[in-house]
Amino acid sequence: MTGHIFAQQAVNGLVLGSVYGLIAVGYTMVYGIIGMINFAHGEIYMIAAYLTAIFLAGLTLLGLQSPPLAILLVLAATIACTALYGWSVERIAYRPLRHANRLAPLISAIGISLILQNYVRLSQGARTQGIPSILDGGFHLFASGPDAFVRLTHAQLLIVVTAIISMFLLHFFIARTAMGRACRAVQQDRVMASLLGVNTDRVIAIVFVLGAGMAAVAGVLVTLNYGSFDFFIGFVAGIKAFTAAVLGGIGSLPGAMLGGVVLGLAESFFSGFVNTDYKDVFAFSLLVLVLIFKPSGLLGVPEVEKV
Amino acid sequence: MLTVRELCMRFGGVMALNRVGFDVAAGSVTALIGPNGAGKTTVFNCITGFYKASSGQIRLRGQTGEIDLIAILGEPLHVGDAWQPGKLAHKIYYKMFGGAHLATRAGVVRTFQNVRLFKEMTAMENLLVAQRHRVDWRPLSGLVQSRRFRRAEAAAVERGWYWLDFFGLGEDGNRLAGELPYGRQRRLEMARAMCVEPRLLCLDEPAAGLNPRETRELSGLIRQLRDRHGVTVCLIEHDMGLVMEISDHVVVLDHGQVIATGTPREVGEDPLVLEAYLGISGEEAA
Amino acid sequence: MSEAKETLLTGLVALLLFAPLTGVSLEGYGLNSHWQNPFLLAGMAMIGRLLLGRLRGLRLPAGLAEYDWQTRLQRPILAVVVIAALIFPWLVGKYWLNVATLALIYVLLALGLNIVVGLAGLLDLGFVAFYAVGAYFYALGFKYLDLSFWIALPGGALLAGVCGMLLGFPVLRMHGDYLAIVTLGFGEIVRLVLNNWIDFTNGPNGVRAPFPSFFGLDFSRHPMPGKSSFHQFFNLPYSSIHKEIFLFFLLFIVVCGMVYFVRRLRRMPLGRAWEALREDEIACRALGINHVTVKLSAFGIGAMTGGIGGAFFAASQGFVNPTSFTFMESAHILAIVVLGGMGSTAGVIGAAVILTVLPEALRDFAEYRGLLFGCAMVMMMIWRPRGLLRSRRALFRREQRAC
Ligand SMILES: Nc1ncnc2c1ncn2[C@@H]1O[C@H](COP(=O)(O)OP(=O)(O)OP(=O)(O)O)[C@@H](O)[C@H]1O
Ligand SMILES: [Mg+2]
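Residues numbered from 1 in each chain as written. Chains lettered and ligands numbered in written order. Predicted model: local features only at pLDDT ≥ 70, side-chain atom pairs only at ≥ 80, totals over all residues. Heavy atoms only, no water.

## With respect to the overall build of chain B
Part 1 of the reasoning: Assigned secondary structure in chain B consists of eleven helices and ten strands.
Part 2 of the reasoning: With respect to the three principal axes, the spread of C-alpha positions in chain B is 65 × 60 × 30 Å.
Part 3 of the reasoning: Within chain B, the proportion of its 286 residues that are buried is 53%.
Part 4 of the reasoning: Long-range pairs, those at least 24 residues apart, make up 65% of the contacts in chain B between residues at least 6 apart in sequence.
Part 5 of the reasoning: When the accessible surface of chain B is summed, it comes to about 12600 Å², and 53% of that surface belongs to carbon and sulfur atoms.
Part 6 of the reasoning: Between the mean site of the 34 positive side-chain charges and the mean site of the 33 negative ones, chain B shows a separation of 8 Å. (Helix = DSSP H or I, 4+ residues; strand = E, 2+ residues; numbered from the N terminus. Buried < 20%, exposed > 50% of the residue type's maximum accessible area, 1.4 Å probe, protein only. Contact = heavy atoms within 4.5 Å. Areas by Shrake-Rupley, 256 points an atom, 1.4 Å probe, with all protein chains shown as cover. Lys, Arg positive; Asp, Glu negative; His and termini not counted. Charge placed at Lys NZ, Arg CZ, Asp CG, Glu CD.)

And the structure:
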């Protein structure tokens, strides 16, 4: 029986971790390229959740019945629209402040985060919203009795599989395409890259767009799985995903995914075996502990500040 | 006064410094030269504690004995330390409170290649910040403006004016540092370093961006610092004229290695040095 | 790109951004249409874009920027403010007195955060945590240990300061942004613990906090047997407003002390070191300043101020619960500091008063508060990151020497 509970928590943790990983990618890429935390990233995820519900409702109004097609269309539309939000955030809060002092972009990003939260609250209302469940059912693994099994829902499976696919696509983009090469160049040495003719402004915008796109994937998947959301979900999700990014080593893409999974598992086991009320406290404490004892994370390289 | 031995600095796979060794004699002007990217600034960063050397020794000899400029940055703990509580306590202390500021307090003060001033503060405030050993830090005495506080503050301001005048900045005391013209900013940075009362002053390309007249004035100032104020100077410079004129001793660095040391004349005739420099100019021509 | 083209592009992007979220709203699983909203908003974005292009070159008129507001008007303004504060409580009713007390609490909090953000350049997004520590220290201290306000005030400040130091020590040696996110997390931890530790903190139901006594005299109409209360001691008719007036003046004195402290600090080595750290941390280290301890002192003093503010908040409300300590509260205080012009004492005080009184005066304002704060933060950073008025620096004169 404990074995089943354990395995169930592992499955839940893996699912949760994939989501954290997807959001963490945005933090890690932006941090890698401009050395700053994108405080508005959590809100981008929240916006994606709302867009999912809105597009889904729209498709239902248009009479679309088939769930797989609906999910695909919603995913595409949400990614596109959320990416536009990511681009705008960079354009408004970061680009004008490229040469300002260090604090200015952080504060303007906090400002954007407040704006987005309240914009959604005012336009969509403050209450918790939901979507009808369109992905029912699942598998019972390791079943050995009427109550002894590990449940893996279709939605959970979709989350893990989609997360893996999107990570591979992102990896391919960064490693193989010319734009990806430019991203890596700017990450290594922005001044040098711009001297060599890389359009750094464009690269930075692309990175924000990619990060927002990944957060959009997370937003769609989580909404399909849990079904409910409000305008404040971006706050906690943002801090946790950032924890995941730090845990994996900020600046490292595989690190973000690994950090996400480790955090997801840790949180899931904690809430399963210790206490559910304090699972957020546990995750935040983990962030502080990692920063104290291993600031470079699991896969990151120690930072040497240029003097 | 300063001894550097077997200094190595690695950034990922790049060996920025490879077993660098040289000495700086007390009361001398020592120049560190070499082509771009040779690792000169990295040497300064290691000496002043901004980079933690991968291996090697840096020692500063002073009146109170020798100071290990690497240990004060905090060394990694080993299991073996557990048996030596004294050493362990030291290491933990430096891990918690160590850092570049201790190198400065030991008497090594530097300027930066790209000027680093407190731009939104006035020139005089820049100099006051540097005199942390002279002023009264206790919040309470500042709040009630105790006699001691005012006396210390006045002495610091006095010192500040002295160094401003010395570097020809007497008019600029109350101007914002960020608003000064570039040449003055460079001199203000040196004045600020002098306010710390260094024993070893490390200047990173002090003449960069100065016109010939300003460069000539600068060489006079550096000589005065050594002769009148007893400061040992270590400088990085690309202007060979300046180097030849004021330095007693020259260390040539290329690709992270010392390729020659000696008096300016000896170094100027060294075939390795000529090759390193001509090689560079050859590439530039191509 | 020509201006017209860029404006059109802005409009198009804005339309795409606004269409799904403002054009329809979720109603159950269906949608309500408000098709005109996106067009309105996109139009506003286009106008804004046009204005921005026009305003970019604009500067404050030279005379206005050069004029030395602070020295010329300092004394008269100070006198007016103090006199106004002295007569104000006698003229207004309980409601506005409470608003004024709250405004003073925000002034205090903002001055504390201003030390951290404006002077030392450290972004603290969990300031509310220290505020909560102060408030709950008083409430819980009274509940369990029967602590009086006069012990809880320094005690809460100390506890908040110690929390700040413990949190700051490991984080302050790292890249600045980490502090922001760690404090954000810490603020949330404190709130969650207060909410969930029901046995100790009474959870969302909150805890009662008594009113402070006037040097041992309490403000009740009928004091405990053997004790005398304020109105009896001074032979006044009983009035429930006495205690509010007392708290207001007490707070006013604390705020004045804080203002003096901050003003002096800027001419003291510690304050100068903070500002220097904000300007260039690396240069500071090269001058022998231990950046960790100096930052820690700023962070700790900021946290202590938060603790003091918290104790006053608990005392003035008579009750605390976790909903007063959300991230929105941190954002409110940060917005005050940013709008007040980071580092300028007068600006911060003005912003605190305005941003606290405005929501009371205009009910609609509260609804749009978050949105407006956000816009203000972004615009301030882009337009005037160092505040509207440049803060005046200390001037130094040469000693007169006989040559
Ligand atoms: N923080 C760092 N991370 C990675 N590489 C570094 C770092 N600092 C220096 N390097 C590398 O070390 C090498 C030496 O750099 P350094 O700045 O010391 O050269 P330099 O001799 O001062 O050149 P210049 O005359 O241009 O100032 C360079 O290849 C540089 O890229
Ligand atoms: Mg250099």
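## Examining the domain arrangement of chain B
Residue and element names in this part refer to chain B.
Part 1 of the reasoning: Along its sequence, chain B is carved into domain 1 (2–69 + 198–285) and domain 2 (118–197).
Part 2 of the reasoning: Placing the centre of domain 1 and that of domain 2 at their C-alpha centroids yields a distance of 28 Å.
Part 3 of the reasoning: Between domain 1 and domain 2, the residue contacts involve 19 residues of the former and 13 residues of the latter.
Part 4 of the reasoning: Between domain 1 and domain 2, roughly 1200 Å² of surface is buried when both sides are summed, and carbon and sulfur atoms account for 73% of that area.
Part 5 of the reasoning: Taken as a group, Pro198, Leu221 and His229 account for 38% of the area that domain 1 buries against domain 2, more than any other trio of residues on that side.
Part 6 of the reasoning: There are zero salt bridges connecting domain 1 and domain 2.
Part 7 of the reasoning: Here domain 1 and domain 2 share three residue pairs in polar contact (both at pLDDT 80 or more) between them.
Part 8 of the reasoning: When residues of the side of domain 1 that touches domain 2 are traced back to their parent elements, those giving at least two are strand E7 (200–204) and helix H8 (212–229).
Part 9 of the reasoning: By residue number, the principal contributor to the side of domain 1 that touches domain 2 is H8, which donates eight residues.
Part 10 of the reasoning: Tallied by class, the residues present in the side of domain 1 that touches domain 2 amount to eleven nonpolar, three polar and five charged. (Domains from an automatic or database assignment. Buried area = accessible area lost by both parts, 1.4 Å probe. Salt bridge = Lys/Arg side-chain N within 4 Å of Asp/Glu carboxyl O. Polar contact = N/O pair within 3.5 Å; in protein donor to acceptor, adjacent residues only side chain to side chain. Nonpolar A, V, L, I, M, F, W, Y, C, P; charged D, E, K, R; others polar.)

## Notes on helix H2 (residues 85–97) of chain B
Part 1 of the reasoning: Its 13 residues place the ends of H2 of chain B 18 Å apart at the C-alpha level, agreeing with the 18 Å of an ideal helix rising 1.5 Å per residue.
Part 2 of the reasoning: Looking one or two residues beyond H2 of chain B, the residue adopting positive phi is Gly99 of chain B, at roughly 145 degrees. (Expected span 1.5 Å × (residues − 1).)

## Here we look at the environment of Ala207 of chain B
All names here are of chain B.
Part 1 of the reasoning: Mapped onto the fold, Ala207 is located in the loop between E7 and H8.
Part 2 of the reasoning: On a C-alpha basis, the gap between Ala207 and Leu188 in space is 13 Å, while along the polypeptide they are 19 residues apart.
Part 3 of the reasoning: Among all residues touching Ala207, those that are not within four sequence positions of it are Thr215, Leu218, Glu237 and Leu242.

## Topic: the interface of chain B and chain C
Part 1 of the reasoning: At the junction of the two partners, chain B supplies 43 residues and chain C supplies 36 residues.
Part 2 of the reasoning: Area buried by chain B at its contact with chain C is led by Glu120, Trp137 and Leu143 of chain B, which between them contribute 17% of it.
Part 3 of the reasoning: Salt-bridge contacts for Arg116 of chain B lead to Asp280 of chain C; the nearest nitrogen and oxygen are separated by 3.0 Å.
Part 4 of the reasoning: Inspection of the region where chain B meets chain C yields twelve residue pairs in polar contact (both at pLDDT 80 or more).
Part 5 of the reasoning: No other element matches helix H6 (residues 147–166) of chain B, which puts six residues into the side of chain B that touches chain C.
Part 6 of the reasoning: Looking at side-chain class alone, the side of chain B that touches chain C contains 22 nonpolar, seven polar and 14 charged residues.

## What about the coordination of the magnesium ion (ligand 2)?
Residues and elements named next belong to chain B.
Part 1 of the reasoning: On the protein side, the magnesium ion (ligand 2) has Thr41 (OG1) and Gln113 (OE1) as donor atoms, found 1.8 to 2.2 Å from it. Taken together, the residues span a long stretch of sequence, with Thr41 in helix H1 (residues 40–47) and Gln113 in the loop between strand E6 (108–110) and helix H4 (123–130) at a distance of 72 residues.
Part 2 of the reasoning: For Gln113, a relative accessible area of 33% translates into the label partly exposed. (Donors = N, O, S within 2.8 Å, 3.2 Å for Na, K, Ca; no water.)

## Things to note about the sheet that holds strand E3 (residues 29–33) of chain B
Residue and element names in this part refer to chain B.
Part 1 of the reasoning: Across the sheet, six strands lie side by side as E6-E7-E8-E3-E9-E10; this open sheet has mixed pairing. Among the strands making up the open sheet, the edge pair consists of E6 and strand E10 (257–262). On average, each strand axis in the sheet is inclined to that of its neighbour by 20 degrees, with strand direction left out of account.
Part 2 of the reasoning: Where E7 and strand E8 (residues 232–236) come together, five bridges link them in parallel fashion. Directly across from Asp204, in E8, lies its bridge partner Ile236. (Pairing = 2+ DSSP bridges. Axes fitted to C-alpha atoms, helices over the stretch in contact; angles between N-to-C directions.)

## Some words on the pairing of strand E1 (residues 2–11) of chain B
Residue and element names in this part refer to chain B.
Part 1 of the reasoning: The pairing of E1 with strand E4 (residues 55–62) spans five bridges and is antiparallel. In the strand pairing of E4, Cys8 is matched with Ser55.
Part 2 of the reasoning: In terms of strand pairing, E1 meets strand E2 (residues 14–24) through seven bridges, oriented antiparallel. Residue pairing across strands places Leu7 opposite Val20, the latter belonging to E2.

## A word on the interface of chain C and chain A
The extent of an interface is frequently quoted as the accessible surface area lost upon association of the parts.
Part 1 of the reasoning: With 55 residues of chain C at the contact, the number on the chain A side is 68 residues.
Part 2 of the reasoning: Buried area between chain C and chain A, summed over both chains or domains, comes out near 5500 Å², and the portion from carbon and sulfur atoms is 76%.
Part 3 of the reasoning: Of all residues in chain C, the largest losses of buried area upon contact with chain A belong to Leu21, Leu26 and Tyr178 of chain C, amounting jointly to 14% of the total for that side.
Part 4 of the reasoning: There are zero salt bridges connecting chain C and chain A.
Part 5 of the reasoning: Along the contact surface separating chain C from chain A lie nine residue pairs in polar contact (both at pLDDT 80 or more).
Part 6 of the reasoning: Elements supplying a minimum of two residues to the side of chain C that touches chain A: helix H1 (3–23), strand E1 (24–27), helix H8 (176–196), helix H13 (281–286), helix H15 (327–339) and helix H17 (363–383) of chain C.

## Digging into the packing of helix H4 (residues 103–124) of chain A against H17 of chain C
Part 1 of the reasoning: For the pair H4 of chain A and H17 of chain C, interaxial distance at closest approach is 7 Å and the crossing angle is 155 degrees. With respect to H17 of chain C, the element H4 of chain A is oriented roughly antiparallel. Handedness of the H4 of chain A/H17 of chain C crossing: left-handed. Contacts between H4 of chain A and H17 of chain C involve Ala104, Ile107, Ser108, Ile110, Gly111, Ile112, Leu114, Ile115, Asn118, Tyr119, Arg121 and Leu122 of chain A from the former and Glu367, Tyr368, Gly370, Leu371, Phe373, Gly374, Cys375, Met377, Val378 and Met381 of chain C from the latter.
Part 2 of the reasoning: Its residues assigned to classes, the contact of H4 of chain A with H17 of chain C shows 15 nonpolar, five polar and two charged. (Parallel < 35°, antiparallel > 145°, perpendicular 65-115°, else oblique. Left-handed = near helix turned anticlockwise from the far one by under 90°.)

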